[in-house]
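Chain residues, written in single-letter form:
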Amino acid sequence: MIQTIEANLHTNWQKELAMAVSEPNKLLKMLKIDEKAFSEDIKARKLFAMRVPLPFIKKMKVGDSHDPLLLQVLPLHQEFLIKKGFDHDPLLEQNNQIPGLLHKYKSRVLIIFKTGCAINCRYCFRRHFPYQDNHLNKKALIDSLKYIANDKNINEVILSGGDPLMAKDDAIDWFMTELEKIPHITRIRIHSRLPVVIPNRITDQLCSRFKSSRLKVILVTHINHANEIDVALSQKLQQLKLADVTLLNQAVLLKNINDTVKAQVDLSEALFSAHVLPYYLHVLDKVQGAAHFEIAEKDAITIQKGILNELPGFLVPKLVREIGGEKSKTPIDLALQ
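Here goes a summary of the coordinates provided. Owing to the predicted nature of the structure, the values given are computational and were not obtained by experimental measurement.

**Details of the overall build of the chain**
Then, in step 1: If you tally the helices and strands in the chain, you get 12 helices and nine strands.
Then, in step 2: A total of 337 residues make up the chain; the buried ones form 55% of that total.
Then, in step 3: Partitioning the intrachain contacts of the chain with sequence separation of at least 6 by distance along the chain shows that 83% fall at a separation of at least 24.
Then, in step 4: Of the accessible surface of the chain, which amounts to about 15400 Å², a share of 52% is contributed by carbon and sulfur atoms.

**Regarding the environment of A118**
Then, in step 1: Structurally, A118 is set in the loop between β2 (108–114) and α6 (138–149).
Then, in step 2: Given a relative accessible area of 2%, A118 falls into the buried group.
Then, in step 3: In this structure, the C-alpha to C-alpha distance between A118 and R51, residues 67 residues apart in sequence, is 7.1 Å.
Then, in step 4: Dropping the residues within four chain positions of it, A118 is found in contact with L17, R51, P53, M166, L194, V197 and I198.

**Details of the sheet that holds strand β6 (residues 246–252)**
Then, in step 1: The strand order β1-β2-β3-β4-β5-β6-β7-β8-β9 describes an open sheet built from nine strands, whose pairing is mixed. Sheet topology places β1 (101–102) and β9 (330–331) at the edges, where each strand pairs with a single neighbour.
Then, in step 2: Those strands touched by helix α7 (residues 169–180) are β2, β3 (156–161), β4 (187–192) and β5 (216–222), and its axis lies near 155° from that of β2.

**Describing the packing of aromatic side chains**
Each aromatic ring pair is summarised here by two numbers: the centre-to-centre distance and the angle between the ring planes.
Then, in step 1: Counted under the stated rule, the structure contains five aromatic pairs.
Then, in step 2: Both rings, one in W174 and one in F175, keep their centres 6.3 Å apart while their planes meet at 55°; by these two values the pair is tilted.
Then, in step 3: One residue, R201, lies across the ring of W13, its end atom 4.3 Å from the ring centre.

**A word on the environment of K236**
Then, in step 1: Relative to the helices and strands, K236 resides in helix α10 (residues 231–242).
Then, in step 2: For K236, a relative accessible area of 18% gives the class buried.
Then, in step 3: Aside from chain neighbours lying at most four places away, what touches K236 is P199, N200 and I202.

**Re the packing of α6 against α7**
Then, in step 1: Between α6 and α7, the least distance of the axes is 11 Å, while the angle of their chain directions is 25°. Here α7 runs roughly parallel to α6, going by the angle between their axes. The hand of the α6/α7 crossing is right-handed. Across the interface between the two elements, K138, L141, I142, L145 and I148 from α6 touch W174, F175, E178 and L179 from α7.

**A few points about the pattern of salt bridges**
Oppositely charged side chains can pair when the atoms bearing their charge come close.
Then, in step 1: This structure, assessed with the given rule, holds 16 salt bridges.
Then, in step 2: Across the salt bridge formed by D244 and K211, the nearest N and O atoms sit 3.1 Å from each other. Of this pair, D244 sits in the loop between α10 and β6 while K211 sits in helix α9 (residues 204–212), and the two are 33 residues apart along the sequence.
Then, in step 3: Judged by relative accessible area, which is 53%, D244 ranks as exposed.
Then, in step 4: Judged by relative accessible area, K211 falls into the partly exposed class, the value being 46%.
Then, in step 5: Among the charged side chains, a salt-bridge network with shared partners connects E156, R187 and R189.

**So, a nonpolar patch on the surface**
Then, in step 1: The grouping of F272, L277 and F314 at the surface amounts to a nonpolar patch, some 290 Å² of accessible area in total.
Then, in step 2: Inspection of the secondary structure puts L277 in strand β7 (residues 277–282).

**Quick look at helix α11 (residues 261–273)**
Then, in step 1: Taking 1.5 Å of rise per residue, 13 residues should cover 18 Å, and α11 covers 18 Å from first to last C-alpha, within 8% of that figure.
Then, in step 2: Looking only at α11, the buried set comprises A263, Q264, V265, L267, S268, A270 and L271.
Then, in step 3: Structurally, α11 contributes buried residues whose contacts are with β6, β7 and α12 (297–310).
Then, in step 4: In the stretch just after α11, H275 is the one whose phi turns positive, near 75°.

**Description of the pairing of β7**
Then, in step 1: Extensive coverage of β7 is indicated by the burial of five of its six residues.
Then, in step 2: Strand direction decides the pairing type here: β6 and β7, joined by five bridges, are parallel. Residue pairing in the sheet places Q250 in a bridge with Y280 of β7.
Then, in step 3: Between the parallel elements β6 and β7, the chain passes through α11 in a crossover that is right-handed.
Then, in step 4: Relative to strand β8 (residues 318–321), β7 is paired through three bridges, and the arrangement is parallel. For Y280, the partnering residue across the bridge sits in β8 and is K318.
Then, in step 5: Remark: the β7/α12/β8 crossover connection has right-handed handedness.

About the cut-offs
- Residues numbered from 1 in each chain as written.
- Predicted model: local features only at pLDDT ≥ 70, side-chain atom pairs only at ≥ 80, totals over all residues.
- Heavy atoms only, no water.
- Helix = DSSP H or I, 4+ residues; strand = E, 2+ residues; numbered from the N terminus.
- Buried < 20%, exposed > 50% of the residue type's maximum accessible area, 1.4 Å probe, protein only.
- Contact = heavy atoms within 4.5 Å.
- Areas by Shrake-Rupley, 256 points an atom, 1.4 Å probe, with all protein chains shown as cover.
- Pairing = 2+ DSSP bridges.
- Axes fitted to C-alpha atoms, helices over the stretch in contact; angles between N-to-C directions.
- Phe/Tyr/Trp six-rings, centres within 6.5 Å; stacked < 30°, edge-to-face > 60°.
- Lys NZ or Arg CZ within 6 Å of the ring centre and 35° of its normal.
- Parallel < 35°, antiparallel > 145°, perpendicular 65-115°, else oblique.
- Left-handed = near helix turned anticlockwise from the far one by under 90°.
- Salt bridge = Lys/Arg side-chain N within 4 Å of Asp/Glu carboxyl O.
- Patch = residues over 30% accessible without salt bridge, like charges linked within 9 Å, V, L, I, M, F, W, Y side chains within 5 Å.
- Expected span 1.5 Å × (residues − 1).
- Right-handed = clockwise from strand over helix to strand, strands pointing away.

Distances and angles like these do not, on their own, reveal function.
And the structure:
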C-alpha cells in the first residue's frame, strides 16, 4: 500500500491537497490496521472532520495502530467526553472586534490569512473556531492593512489560520508587497504546518519572493515528532534557509505521542539537522474534545528538566502555556517542582 501512496504523489501541492484522505476507514486500510478495532472511534469525525495528506501518511509506520503521527489525526471516541475546564474557545479568540484580525500583542498583529488547513490535527485549539465568520476576502485584507498602517507600534505581522500557506503564491506575493509599503513593518511571520504535511508547498516562486523581500521572513513550523521530518521536508527547509528565511518550530506536548524526554530530544536534534531551531513547547490548550492528549503540568516540567540535562541550551524549546486574555505566552516555571 505504501508503494501505492508513493505512486500517487504529485509534484503539484494543490493536487496533493485535493487527494487528502478524509475517511478514517480508508486511512486504516492504507496502513493495514484492523478497522474493526476502531469502529467506535471513527464516529468522532462528525465532531471534527478528518483530513490527512498522502505525504504525511507516507511517514506513518504500516501496521502500527500506536504510530505517533497516526494518533495526531485519527478520530477517537475520547473526543466525545466533556471534561470540566476544557472549552470551545480556550484562548478567548472568538469575540475579537475585527473579524480575522487579533491584536493582543502591542507590537504584533495576527491575521487569520486563510481559514482552511491541509491537515486536521485532533488537538487543534481552533477546532471549534468560527472560521466562516472570520474569512478575509481582499477587501477585508485591505482593511487590515489600513489598520496596521495606522498603528506605528506594530512592527511585525503574523499570518496564521487555518494555515496561511493554503493561499496561493500570488496571493502571498500581493500581501507582502502591500506590507512592504508600510515603513514601520520590519518582519512577517508565517505559522504553518503545510510544509510538514505537503513539502511540495514550498515552491521556487515562494522562496524567490521571500528572498527578495525587504522584510525579515520567519517561518514557524509545527512539528511534534522526529518522524515528521523526512528527506523531502529537509530538502524544502534547506531551500527556505537558502532564501534567508529564519526557521523556528513550535510543538505541543501530547500524551502517548511525544511525552518522553527521548521523544523531545530526538525532535530537537532532528529539527536542528534540518536547519530549524526549537522555539516553543506548548502544554495542551484546553480545547473541548482534546482532553485525552493532556499531560499534567508537573509531568511536563519533569520532561523539560530531562531535556535540559540532555541538550545544549539553544536546542531546548521554551515550555509555555497560552492563557486566554493574556498579552503573551506564559513560561512554565521549572522551579515549581
